[in-house]
Amino acid sequence: METLIVERSSSPGAVLLAGLVTLAKTAPRHPALPGVRLVRPDLAIEAAPLAEYRALCGFSEAQGVPPIWPHLLAFPLHLELMMRRDFPYPLAGTVHIGNRIVQHGAMAIGGRLTVSAEFGGFQSHPRGQAFTILAEAQLGGGTVWRSESVYLRRGARSALGGPISTLSDEDAATTQTGAEAIARAVALRYARLSGDRNPIHLSWLGARLFGFKRPIAHGMWTKARALARVLPAAPLERVAIDVAFRAPILLPGRVTHFADRAGDGTGFAVRDGAGERLHLVGRLGRDPVFEEELHAQHQ
């Protein structure tokens, strides 16, 4: 595994250009994921962007640094990995279908994280080829946060890897906890914070080119918004959050939130305004089995 230090993220223009250029890629007969690990050292947890993120997603200051926050620091590395020439698929059109996060320790404003990302492996999916990107954040030399993001390249034939394992629709919570309208500006603000300026989120034309009637909300914003509603009103030190993304949220739009609390955690879901079409299914809790799996993957 080659380790490369990334001093700064690619500019929005460079990411857009890479997305357009890679559209010409043709998947090889025997695809392989690059064996490289990207590292961004000394990234501060800054008060101003964190406050903006909290306001955008609905987190309270009392909840501390949200467990999902390091994803914003790791996501530029996701892009860098998928922009590489030796990545077998086009960047544009690659869909984020699942995300798991395990937080191992508390984080606070002023902390300085070393964030890294690398490819995991292939997984087979009924609609094409899935693959994972593993990320982690270290604080003071110890790992405090890990994630596994699952992406899908639709239409790829003869998918490699074992069958994908995600939360099913049957896992979706059924107790409605509220409803809200989502403005289109949510995607514009989240794009600026996260660096995810995929045209499907930002423009009607970009959305239509990929089959959507209107721009769609970022999946990780949807996860954050749902998570803000079910997290306790106090910082958590150890937590696991697993979500599967289903149908995208068209913007502007209206959604309903659901949550079912059990002894070992909380199931949550986001559906459309009528409470029928499922956008996201998730689970919040402590998952030592998943922690062990992620630890083994990084050995």
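Since this is a predicted model, take the numbers as computed values, not measurements.

**Q** Can you walk me through the overall build of the chain in this structure?
**A** Helix and strand counts for the chain come out as eight helices and eleven strands. The globule rule puts the C-alpha radius of gyration for 299 residues at 19 Å, and the 18 Å found for the chain is close to it. Counting only C-alpha atoms and orienting by the principal axes, one finds that the chain spans roughly 45 × 45 × 35 Å. Here the chain has roughly 13700 Å² of accessible surface; of this, 53% comes from carbon and sulfur atoms. Where the 33 positive side-chain charges of the chain centre and where its 26 negative ones centre are 8 Å apart.

**Q** Is there a simple way to explain a nonpolar patch on the surface in this structure?
**A** On the surface, a nonpolar cluster with roughly 340 Å² of combined accessible area is contributed by L205, L209 and F210. Among the secondary structure elements, F210 is positioned in the loop between α6 (204-209) and α7 (219-230).

**Q** Please clarify how helix α2 (residues 47-57) should be interpreted in this entry.
**A** An α-helix turns once per 3.6 residues; consequently, residues spaced three or four apart project the same way. Those residues of α2 that sit buried are L50, Y53, R54, L56 and C57. On an axial view of α2, the arc spanned by its buried residues comes to 165°, and they lie on one face. In α2, the exposed residues that point more than 90 degrees away from the buried face are A48 and A55. Taken together, the buried residues of α2 touch α3 (69-82), α4 (185-194) and α7. Phi turns positive one or two residues past the end of α2, at G58, with a value near 95°.

**Q** Would you mind going over the sheet that holds strand β8 (residues 239-245) with me for this structure?
**A** Strand pairing within a sheet occurs via backbone hydrogen bonds; the two strands may be parallel or antiparallel. One open sheet holds the eleven strands; their spatial order is β1-β2-β4-β5-β6-β3-β8-β11-β10-β9-β7, and the pairing between them is mixed. The sheet is open, and its two borders are formed by β1 (2-5) and β7 (176-182), each paired with just one other strand. Each strand axis lies, on average, 20° off the axis of its neighbour in the sheet, ignoring direction. Against the sheet, α3 touches β2 (36-44), β3 (95-103), β4 (112-125), β5 (128-139) and β6 (142-154), its axis set at about 55° to β4.

**Q** What am I meant to see in α4 here?
**A** Listed as buried for α4 are V186, A187, Y190, A191, L193 and S194. Along the axis of α4, the buried residues cluster in a sector spanning 165°; they form a single face. Packing partners of the buried residues in α4 comprise α2, α3, β7, α5 (199-202) and α7. Of the residues trailing α4, G195 is marked for its positive phi of about 85°.

**Q** Sorry if this is basic, but what is going on with the nonpolar core here?
**A** Most often, soluble globular proteins have nonpolar side chains that are buried together. Formed by 66 residues in total, the largest nonpolar core has its most connected members in Y53, F59 and F131. The element best represented in this core is α3, accounting for nine residues. Among all residues touching Y53, those that are not within four sequence positions of it are F59, P66, I68, W69, L72, Y190, L193 and A224. In this structure, L167, A173, A244 and V281 belong to the second largest nonpolar core, which totals eight residues.

**Q** Please clarify how the pairing of β4 should be interpreted in this entry.
**A** With six bridges connecting them, β2 and β4 associate as antiparallel partners. Across the sheet, the residue bridging to L38 is A117, located in β4. The sheet contact formed by β4 and β5 spans eleven bridges and is antiparallel. Bridge pairing in β5 links Q123 to A130. Linkage of β4 to β5, two consecutive antiparallel strands, is achieved through a turn of two residues.

The rules behind each value
- Residues numbered from 1 in each chain as written.
- Predicted model: local features only at pLDDT ≥ 70, side-chain atom pairs only at ≥ 80, totals over all residues.
- Heavy atoms only, no water.
- Helix = DSSP H or I, 4+ residues; strand = E, 2+ residues; numbered from the N terminus.
- Rg over C-alpha atoms; globule rule 2.2 N^0.38 Å.
- Areas by Shrake-Rupley, 256 points an atom, 1.4 Å probe, with all protein chains shown as cover.
- Lys, Arg positive; Asp, Glu negative; His and termini not counted.
- Charge placed at Lys NZ, Arg CZ, Asp CG, Glu CD.
- Patch = residues over 30% accessible without salt bridge, like charges linked within 9 Å, V, L, I, M, F, W, Y side chains within 5 Å.
- Salt bridge = Lys/Arg side-chain N within 4 Å of Asp/Glu carboxyl O.
- Buried < 20%, exposed > 50% of the residue type's maximum accessible area, 1.4 Å probe, protein only.
- Arc of directions from axis to C-beta.
- Contact = heavy atoms within 4.5 Å.
- Pairing = 2+ DSSP bridges.
- Axes fitted to C-alpha atoms, helices over the stretch in contact; angles between N-to-C directions.
- Core = buried A, V, L, I, M, F, W, Y, C linked by side-chain atoms within 4.5 Å.

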